[in-house]
Amino acid sequence: MKKILYFLSIISLFACSDDFLERNPESVLSRDNILATKPSCEAALHSIYVKTMFNRVNYYNVSMQEARADILNYRRDGYSEFNLIFDYNQGLADNSASRNSWIACYGIIDACNLIINNELTGLNDPLDPNSEAAKVEKADYEAQARVARAATYLDLLSYYSRPVHETNRDTEHSGVPLVLVNDYDLRPARATTMEVYRQIYEDLMFAAENLIIEHDVIEQEMVSLTFSKAYAHGLLARFYMNLAGPVGSSNTYQLSETVSITAAEALNKAIESCDFVLALVQPVDNFIDLEYGISRKLDETILMSITLDDDMGHNVHAKHWDINNDDAGDILRVSEDVINEFSIADKRLDYFYHPEAWKANGVEGDDLATRLAKSTLDDEGNEMIGAAMYGKFASKDFNVNLRDFFYNPADVEIKYKSGFGDFNIMRASEIALIKAEACARTNQPSLAFDAYALVKQRYFDDALPEGVTLEEIMLEKRLEFIGEGVRMLDLLRLGQNFSRYESSNSVVKNIDFNNTRLILPLPDTDVKNNTNLQQNPGYDN
C-alpha cells in the first residue's frame with residue numbers, strides 16, 4: 001500500500017490511452033489470468049489511483065464543475081478549453097474538455113471493474129489459499145475499487161444527468177451508461193439515474209464495511225493518499241445530501257430491494273456519515289496551518305491528489321492560478337464580487353494578495369482595496385478581471401509567511417517554484433459544513449452552529465456570535481471551497497437558479513435551473529460511434 005502512488009513502472013499494462021468503449025479487444029491482456037500474481041494485483045490497484053489522481057480529479061473534474069458555477073472568471077483569449085463550458089456555448093458537444101472527462105471517467109471505471117470482477121488469486125497465501133487474511137486483503141482491494149467507481153459515477157452524473165431529486169430519475173436514458181464488466185465490444189445505452197444511484201449505494205456500502213484503512217490507525221500522510229473509510233463515508237454524506245435534494249423535498253428513493261429512504265431520512269443519514277468522518281479527522285483549527293495553501297497536505301485532508309513531477313505541464317488545476325506559469329497560468333480569477341462577500345476581518349483575504357506585486361511596489365500603508373487592486377495585475381502589469389487567488393493553491397516549495405511578508409517585504413525571500421499541483425479531493429471542512437447544513441435543515445441549531453464553527457472560527461480572532469442560518473452556512477461553503485469544485489454540486493442538488501456577479505466576464509449571467517445546458521452534452525464522437533447512446537436534450541444539432 002505504501003507505494004500506491006509511485007509504483008508506476010507496470011501501470012502501463014493497465015492504462016487506458018483512449019475511450020475504453022472503443023478499444024480493440026485484441027490489444028488487451030487476458031482478464032482470466034492477469035491478476036494471478038501479487039505484483040499484478042498491486043499494479044491493477046495502482047492504476048486506479050494513477051487515473052483517479054492525475055488524469056481526472058486534479059484537472060478535469062474540478063475545472064468542469066467550476067466553469068459551470070458562479071465564482072470564477074476565465075481568461076477570454078480562447079486559451080482555456082473550459083471557456084465553452086463557462087459560456088454554456090452551443091458548440092459544447094464538440095469541446096475536448098467534455099470528451100476528455102468522459103474518456104477519463106470510463107477509464108477509471110474499467111480499471112475498477114478489473115479488480116471487482118476478478119478473484120485476485122495473486123493475493124492468496126500459497127500455504128493457505130483460503131486464509132482469513134487473504135479474504136480480508138481481497139475485500140479491501142475490492143472496496144478500494146468500489147469506492148473509486150462510486151466516486152466516478154457520482155461525478156459522471158453531475159456532468160451529464162439531471163439531479164436525482166427530479167421526477168425523471170426513473171426515466172429511460174436519464175443517467176449515464178452503467179458499465180460493470182470489462183467488455184470492449186460493449187456499446188452500452190444509458191441507464192436511468194436511479195439505476196446508477198443504486199449501484200453507487202451498493203458500492204459505497206461495501207466499501208464502508210470492508211476498507212481497512214482508517215485515519216486513526218495509520219500515519220496521516222499515507223492515509224490521505226489512499227481510499228479510506230473516512231473517504232467512503234464522506235462520499236456517503238454527499239450521496240445522502242443529493243437524495244435530500246432541495247429544502248422541503250418529499251421524495252422517496254428505493255436504494256435496493258429492501259432499502260428505501262425519504263428525503264428527510266437522507267438528511268439524518270448524512271449526519272451519521274459526517275459524524276463517522278469527524279470522529280477520525282477534523283478541520284484544521286488555525287489559519288497559520290492553512291495560509292501557505294490548501295494544495296499541500298493538511299491534517300484535515302481526507303483524500304489528496306499529489307504532483308509527482310514539477311514538469312507535469314498544464315493539466316493540473318492549481319497551475320491555472322499561477323501567473324508565473326507561461327504554459328498554463330493566468331487562466332482563472334475570482335470574481336471581485338465574491339471577494340466582497342468576505343468579512344474585512346476574514347484571514348482568507350490573504351489568499352488574494354499577490355506577494356510578487358508587494359515586493360515590487362511596496363505595501364506599507366496600502367489599504368485593502370489597493371492591495372486587492374494589485375492582485376488583479378498580470379505579470380506584465382495588465383489588469384485582469386477578478387483577483388488572483390495566489391495563496392490558496394501554493395506550490396509545495398512556496399514557503400512564504402504571507403503576514404510576515406506583508407509587514408516586512410524587503411526582508412523575506414520568496415522561495416518560489418512552479419510545482420503547483422497538489423490538490424485536496426476531499427477535506428474534513430466539507431464534511432463539517434455538510435453536517436451543519438443537514439442539522440440546520442433538521443431543526444438542530446446548536447449542532448449546526450458547532451459544525452459551522454469548526455470551519456469558520458479559524459479565520460477570526462474574535463469568537464463567532466452564537467447561532468447560524470442555513471443561508472450563512474451555504475455562503476461559508478461557497479467561500480471556503482473557491483476553486484475546489486464543490487459549489488456546482490450544491491447548486492445541482494438544491495435545484496437553484498443562480499446568477500453570476502456583475503463582475504463576471506461570462507456571456508451568460510443568469511442560469512435557469514431548468515435550462516437544458518445546465519447539464520453537459522455527451523461527447524459527439526461517442527454518440528456517433530455508439531448508436532445506443534442518446535444525447536441530452538438541447539444538443540441534437
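Residues numbered from 1 in each chain as written. Predicted model: local features only at pLDDT ≥ 70, side-chain atom pairs only at ≥ 80, totals over all residues. Heavy atoms only, no water.

1. Here's the deal with helix H3 (residues 96–116)
Link 1 in the chain: Between its terminal C-alpha atoms H3 stretches 30 Å, which fits the 30 Å expected from 21 residues at 1.5 Å a residue.
Link 2 in the chain: With 19 of its 21 residues buried, H3 lies for the most part within the structure. (Helix = DSSP H or I, 4+ residues; strand = E, 2+ residues; numbered from the N terminus. Expected span 1.5 Å × (residues − 1). Buried < 20%, exposed > 50% of the residue type's maximum accessible area, 1.4 Å probe, protein only.)

2. Brief notes about the confidence of the model for the protein
Link 1 in the chain: The predicted model of the protein has a mean per-residue pLDDT of 80, with 72% of residues at 70 or higher.
Link 2 in the chain: In this model, residues 1–28 is a region of pLDDT below 50 whose contacts with residues beyond four sequence positions or in other chains number 75 contacts.
Link 3 in the chain: pLDDT under 50 marks residues 414–419. Its contacts with residues more than four places away, or in other chains, come to 25 contacts. (pLDDT = per-residue confidence, 0-100. Contact = heavy atoms within 4.5 Å.)

3. Quick look at the pattern of salt bridges
Link 1 in the chain: With the rule as written, the count across this model stands at 27 salt bridges.
Link 2 in the chain: Across the pair Glu-166 and Arg-162 runs a salt bridge whose closest N-O atoms are separated by 2.8 Å.
Link 3 in the chain: Look at Glu-166 and you get buried, because its relative accessible area is 16%.
Link 4 in the chain: For Arg-427, the salt bridge identified is with Glu-300, shortest N-O distance 3.0 Å. One end of the pair, Arg-427, is in strand S6 (residues 423–427); the other, Glu-300, is in the loop between helix H8 (263–278) and strand S4 (301–305), with 127 residues separating them in the sequence.
Link 5 in the chain: By relative accessible area, which is 1% here, Arg-427 ends up buried.
Link 6 in the chain: Its relative accessible area of 0% is what places Glu-300 among the buried residues.
Link 7 in the chain: Several salt bridges converge on common partners, so that one network encompasses Glu-300, Asp-346, Arg-348, Arg-427, Lys-456, Arg-458, Glu-476, Glu-480 and Glu-484. (Salt bridge = Lys/Arg side-chain N within 4 Å of Asp/Glu carboxyl O.)

4. Structural notes on the nonpolar core
Link 1 in the chain: One finds Tyr-231, Phe-239, Leu-243 and Phe-352 to be the most contacted residues of the largest nonpolar core, which totals 131 residues.
Link 2 in the chain: Counting residues per element, this core draws most heavily on helix H4 (residues 132–160), which supplies 13 residues.
Link 3 in the chain: If we ignore the near neighbours within four places in the chain, the residues touching Phe-239 are Leu-154, Tyr-197, Ile-200, Tyr-201, Leu-204 and Leu-255.
Link 4 in the chain: Ranked by size, the runner-up nonpolar core spans 11 residues in total, among them Leu-492, Phe-498, Val-508 and Phe-513. (Core = buried A, V, L, I, M, F, W, Y, C linked by side-chain atoms within 4.5 Å.)

5. Thoughts on unusual backbone geometry
Across residues other than glycine, the phi torsion is negative in most instances, and most of the peptide bonds are trans.
Link 1 in the chain: The phi dihedral of His-173 is positive, around 70°, even though this residue is not glycine.
Link 2 in the chain: Looking at the secondary structure, you find His-173 in the loop between H4 and helix H5 (193–210).
Link 3 in the chain: In this structure, Asn-443 is a non-glycine residue whose phi angle is positive, near 60°.

6. Regarding the pairing of S6
Link 1 in the chain: Among the five residues of S6, five are classified as buried, and the element is accordingly described as predominantly covered.
Link 2 in the chain: The pairing of S4 with S6 spans four bridges and is antiparallel. Counted as the bridge partner of Ser-305 is Phe-423 from S6. (Pairing = 2+ DSSP bridges.)

7. A few points about the packing of aromatic side chains
Link 1 in the chain: According to the stated counting rule, one finds 12 aromatic pairs in the structure shown.
Link 2 in the chain: Judged by centre distance (5.3 Å) and plane angle (35°), the ring pair of Tyr-197 and Phe-239 falls under tilted. A residue pair is termed long-range when its members are at least 10 positions apart, and Tyr-197 in helix H5 and Phe-239 in helix H7 (residues 229–244) qualify at 42 residues. As far as the burial class goes, Tyr-197 and Phe-239 line up, both buried.
Link 3 in the chain: Relative to Tyr-452, the ring of Phe-449 lies with its centre 6.5 Å away and its plane at 45°, an arrangement referred to as tilted. Note that Phe-449 and Tyr-452 are positioned in helix H14 (residues 445–456) at a spacing of three residues, about one turn of the helix. Considered together, Phe-449 and Tyr-452 belong to a single accessibility category, that of buried residues.
Link 4 in the chain: Every member of this aromatic cluster is reached through a ring pair, and the members are Trp-102, Tyr-106, Tyr-153, Tyr-159 and Tyr-160. (Phe/Tyr/Trp six-rings, centres within 6.5 Å; stacked < 30°, edge-to-face > 60°.)

8. Here we look at the packing of helix H13 (residues 428–441) against helix H15 (residues 470–480)
Link 1 in the chain: Put simply, H13 and H15 touch, their axes get as near as 9 Å, and they point 165° apart. Our classification of the angle between H13 and H15 gives roughly antiparallel. For the pair H13 and H15, the crossing hand works out as left-handed. Touching Ser-429, Glu-430, Leu-433, Ile-434, Ala-436, Glu-437, Ala-440 and Arg-441 of H13 are Leu-470, Ile-473, Met-474, Glu-476, Lys-477 and Glu-480, all from H15.
Link 2 in the chain: Looking at the contact of H13 with H15 residue by residue, the classes come out as seven nonpolar, one polar and six charged. (Axes fitted to C-alpha atoms, helices over the stretch in contact; angles between N-to-C directions. Parallel < 35°, antiparallel > 145°, perpendicular 65-115°, else oblique. Left-handed = near helix turned anticlockwise from the far one by under 90°. Nonpolar A, V, L, I, M, F, W, Y, C, P; charged D, E, K, R; others polar.)

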